[in-house]
Amino acid sequence: MDSALRETHQIPIGYNGLSEKEAEKRLLEYGHNELMERKKASAISIFFSQFKDFMVMVLLAATLISFSLGETMDAIAIIIIVVMNAVLGFIQEYRTEKSLEALKDLSAPHAIVIRDGKEKEIQAREIVPGDLIILEAGHIVPADCLLIEGLGIQVNESILTGESVAVEKVPAQNHDKKDKLFMGTTLTAGRGKAIVIATGMNTEMGSIAHMIQSVEGESTPLEKRLDRIGKQLVYICLGICGVIFLLGIYRGESFYAMLLSATSLAVAAIPEGLPAIVTVTLALGVQRMLKRNALVRKLPAVETLGCTNIICSDKTGTLTENKMTVTKIYANGQLVDMRDVDYSSQAKRSATLRQLLIIGALCNNAEYKGEEIIGDPTEAAILAASELGGFGKKIISEYIRIGEIPFDSDRKRMSVICKDKSGNIYVFVKGAPDIILGLCNKKLDNNGLSIMNHSEKRKVMAINEKMAGQALRVLGFAYRKLDFIPRNLGDTDIEKNLIFVGLEGMIDPPRPETIESIKSCYQAGIKPVMITGDHKLTAIAIAKQIGMKLNKNDVLTGKEIEAMNDRELERKVESVSVFARVSPRHKYRIIQALKKNPKNIVAMTGDGVNDAPALKEANIGIAMGKSGTDVAKEASSMVLLDDNFATIVGAIREGRIIYDNIRKFLRYLLACNLGEIVAMAVAAIYGMPVPLIPIQILWINLVTDGLPALALSVDPPDSNIMNRPPRKSNESIFSRGLGTRILISGSLIGGSTITAFMLIIYLTNGNLEMARTVAFATLIMAELIYAFESRSEYGDVWEAGLFANKYLFFAVLSSFILLLLAIYNPFLSSILKTEALGISEWMIVLGFSLLEFAVTSFIY
């Protein structure tokens, strides 16, 4: 049937979709509706890719040198540890790949199909040829389809044709491309039904094999910077190694001794765990955000969140509950609070109210499902009000809808053309009061029709402002009788010379958690900005209810934005907290103006097709998971699964935590590595034996340092994390004194290690293995103590709490147990070349390992 359908455009009469059983059969026959992806890396290739890392290559070179020097046991041990590191890296990368695949599934496009006669939302990849799908403005077309029913459908086919102008589509009749919808294109207006005629690689999109939907898997700027830091550290140290090696040879030291010394120093310089821990931190952070209903689609957003200082948020559904209820109605010259009256009895006494409720029911796309009304919250509230007055289901059954001119953000109105049982044709219109009044030349009251002059219009607008000032969303209603059914719904004369009937005011209360979130924003140095299409007074009323700081000068309307040039807008936006009566094109200009200030990092929410440019322009585009269109999600960096403003603030908090934790383990790892470098370099420069052999250094870097560093990557946040301003976007990872702390602490750790080594050499008359064991233990103990210091940049160890991070406590305990095993276990001590320490040696170890802590506590 499908091939014939594709070629002939023949539509089965009364076609109502596939059955589930038939869909399953076709899924097996045609396969999933997805484009061919590049071949994924196998588990084996992921494992061997671990050995391509620059740092690992340096370690393998050190292994070859150890072999050539006859240090076979050292070389074997280094290989074992490198393989262990590769296994750990493989496990983490494999898990990360699986996590990204899971995120991809979560953000994959969905589609509404009719199966077994019922509407059902499924993943787009489950669609099969023959499926009957429902499409609305904002949907991405999930497969090649044949349009069989539709109204006012406009499709952006730029992804295929490069033409940005939307193309009109009409139901199958002309046997040309005007009735075909192609996979990956976007509905910009209208709604309709279509039969799927091709899926996956059989689509037009499949023929050019272009992937349009993916979760980004690129490295973040931070990961790239840290990778550069790691390489630079190795280059610098290799240079130092070369200089030390040549100096030693010049002084007459043996080639063997200096090569071993240089190799040991090279091993000490490499922060082996750094790349893996960055990946772990980002992956765990993304998972935590997902648990808080924030789906990160692009990893760089995690880093950017910590810099955000402005959040531009839609009002409806994000700051508010998106549960509208009509509470006030203006009809027949009277403003009535409908919470205090009976709709039905009022409607019986007022012809104007009856007409208002009729328009509300007919000019509406909300639907009944049993006793429940579903659809857009505003339309559902209007239909519910009509139902309460007795003009819901009853009146809908008495009219036939002939056509619809859909609402959009530019027109700010919706119109339907209906025919009653007597054959009379009407256009019913609802929309923004100022727009509706501009289309009316008459008004209806209980005395009949009269002229709608400027004085009457000003009176209605005064009522509108009064209602808006009470945080009500206000819509105007009008109609007129038509002499004939219009052939062209794009004819602007259809909506002219209307009869004004009245206003309905509905309220959408603020979410309870929004007030606390707004407060948190101000404390965190973040400016919340409300952007809404609602009336200025409504916006101000809601802004005050949720605790936003503003006065009348902090509010700007769409008309005022249009009157400004870009330079004027750039100056004005810095002081504005509420933008009212704005359209998506205004949003784009607002974001551009805010970003002109290099200090601003802007997060922006959006849900509609026309919001996509603003979402892409923002530093972080945030799409709505519930109400957002596929196009908005595609353009976003992050998706709010619960459409809640509080989730944005929570995500920013997580972004700050992630960045803080990266600084914590970076501080820990680099200070520890620097300590090793200092100890090794001092010994090499002064012609002393190396205090640590390569295998001991690798044990410290991978076995001892690795666990505390991982624990720091999941460290609980500082108590003041949302009480300090956002960091600057161009801020160095070593800013705010972190670089200085690393240099001071690393030098002290290295100094105490080499001093302990020299002391034991002196006390034992040159017992090198004992001296190296003391240096080994001193360095590890100093690093384990330093792990607790690394927990906070804003307080001391005691303020941060020794047991606040249970993972760190157990990591340090485990590392200490491993130290004891390395010294006292015969098998390990033979590999690591350690000797058993007595009480006196342990006292020396403890004294020198506490030196860094004592000095830095005094300094800071």
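Before reading on, note that the structure itself is shown above.
Residues numbered from 1 in each chain as written. Predicted model: local features only at pLDDT ≥ 70, side-chain atom pairs only at ≥ 80, totals over all residues. Heavy atoms only, no water.

### Digging into the side chain of Thr378
Then, number 1: Relative to the assigned elements, Thr378 resides in helix 15 (residues 377–388).
Then, number 2: Of the residues examined, Thr378 reaches a relative accessible area of 8% and is grouped as buried.
Then, number 3: Those residues in contact with Thr378, other than ones at most four positions away along the chain, are Met324, Arg473, Leu475 and Met506. (Helix = DSSP H or I, 4+ residues; strand = E, 2+ residues; numbered from the N terminus. Buried < 20%, exposed > 50% of the residue type's maximum accessible area, 1.4 Å probe, protein only. Contact = heavy atoms within 4.5 Å.)

### Brief notes about unusual backbone geometry
Then, number 1: The phi dihedral of Arg581 falls on the positive side, at around 55°, and the residue is not glycine.
Then, number 2: Within the secondary structure layout, Arg581 lies in the loop between strand 23 (578–580) and helix 23 (584–595).
Then, number 3: In this structure, Asn765 takes a positive phi of about 55° despite not being glycine.
Then, number 4: Relative to the helices and strands, Asn765 is located in the loop between helix 29 (738–763) and helix 30 (768–789).

### Brief notes about the packing of aromatic side chains
Then, number 1: This model, assessed by the stated rule, comprises four aromatic pairs.
Then, number 2: Ring geometry for Tyr399 versus Phe428: centroids 6.0 Å apart, planes at 75°, classification edge-to-face. Of this pair, Tyr399 sits in strand 14 (residues 399–405) while Phe428 is found in strand 16 (residues 425–431), placing the two residues 29 residues apart along the sequence.
Then, number 3: Measuring from ring centre to ring centre gives 5.7 Å for Tyr426 and Phe428, while their planes differ by 20°; the resulting arrangement is stacked. (Phe/Tyr/Trp six-rings, centres within 6.5 Å; stacked < 30°, edge-to-face > 60°.)

### Digging into the packing of helix 30 against helix 34 (residues 839–849)
Then, number 1: For the pair helix 30 and helix 34, interaxial distance at closest approach is 8 Å and the crossing angle is 40°. One way to sum up the angle between helix 30 and helix 34 is to call them oblique. Considering only the axes of helix 30 and helix 34, their crossing is right-handed. Seen from helix 30, the contacting residues are Met770, Val774, Ala777, Thr778, Met781, Ala782 and Ile785; seen from helix 34, they are Glu841, Trp842, Ile844, Val845, Phe848 and Ser849.
Then, number 2: In terms of residue class, the contact of helix 30 with helix 34 is made up of 10 nonpolar, two polar and one charged. (Axes fitted to C-alpha atoms, helices over the stretch in contact; angles between N-to-C directions. Parallel < 35°, antiparallel > 145°, perpendicular 65-115°, else oblique. Left-handed = near helix turned anticlockwise from the far one by under 90°. Nonpolar A, V, L, I, M, F, W, Y, C, P; charged D, E, K, R; others polar.)

### Some thoughts on the environment of Leu482
Then, number 1: Tracing the sequence through the fold places Leu482 in strand 19 (residues 472–482).
Then, number 2: Take Leu482: its relative accessible area is 8%, and that puts it in the buried class.
Then, number 3: Those residues in contact with Leu482 that sit more than four places away from it in its chain are Ile417, Ile425, Tyr426, Val427 and Ile494.

### Points about empty space enclosed by the protein
Then, number 1: For the coordinates displayed, the defined rule picks out one cavity of 30 Å³ or more.
Then, number 2: Breaking the lining of the largest cavity down by element, the ones donating at least two residues are strand 1 (110–115) and strand 3 (132–136).
Then, number 3: For the lining of the largest cavity, the residue count by class is seven nonpolar, two polar and one charged. (1 Å grid on protein atoms, 1.4 Å probe; cavity = no way out; pocket = protein on both sides within 12 Å on 5 of 7 lines; lining within 4 Å. Points joined across faces, edges and corners; volume = space filled by probe spheres on them.)

### Details of the packing of helix 22 (residues 566–573) against helix 23
Then, number 1: Viewed as axis vectors pointing N to C, helix 22 and helix 23 meet at an angle of 70°, and their least axial separation amounts to 8 Å. The angle between helix 22 and helix 23 places the two elements in the roughly perpendicular class. Only Arg589, Ile590, Ala593 and Leu594 of helix 23 make contact with helix 22, whose side of the interface consists of Asp566, Leu569, Glu570 and Val573.

### Focus: the sheet that holds strand 9 (residues 310–314)
Then, number 1: Across the sheet, which stays open at both edges, the eight strands sit in the order 8-26-25-24-9-21-23-22 with mixed pairing between neighbours. Among the strands making up the open sheet, the edge pair consists of strand 8 (294–296) and strand 22 (555–557). With direction set aside, neighbouring strand axes in the sheet form an average angle of 20°.
Then, number 2: Pairing of strand 25 (residues 620–624) with strand 26 (residues 638–640), which is carried by three bridges, proceeds in the parallel orientation. Looking at the pairing, Ile622 lines up with Met638 of strand 26.
Then, number 3: Sitting on the sheet, helix 20 (residues 536–545) is in contact with strand 21 (527–531), strand 22 and strand 23, with an inclination near 150° to strand 23. (Pairing = 2+ DSSP bridges.)

### Remarks on helix 32 (residues 806–824)
Then, number 1: Taking 1.5 Å per residue, 19 residues should reach 27 Å; helix 32 reaches 27 Å between its end C-alpha atoms and fits that length.
Then, number 2: Of all the positions in helix 32, only Leu808, Ala811, Val812, Ser815, Leu819, Ala822 and Ile823 are classed as buried. Buried residues in helix 32, looked at end-on, bunch into an arc of 110°, giving them a common side. Across helix 32 from its buried face, at more than 90 degrees, point the exposed residues Lys806 and Tyr807.
Then, number 3: Capping the start of helix 32, Asn805 holds a side-chain oxygen 3.0 Å from the backbone nitrogen of Tyr807, two or three residues further along. (Expected span 1.5 Å × (residues − 1). Arc of directions from axis to C-beta. Polar contact = N/O pair within 3.5 Å; in protein donor to acceptor, adjacent residues only side chain to side chain.)

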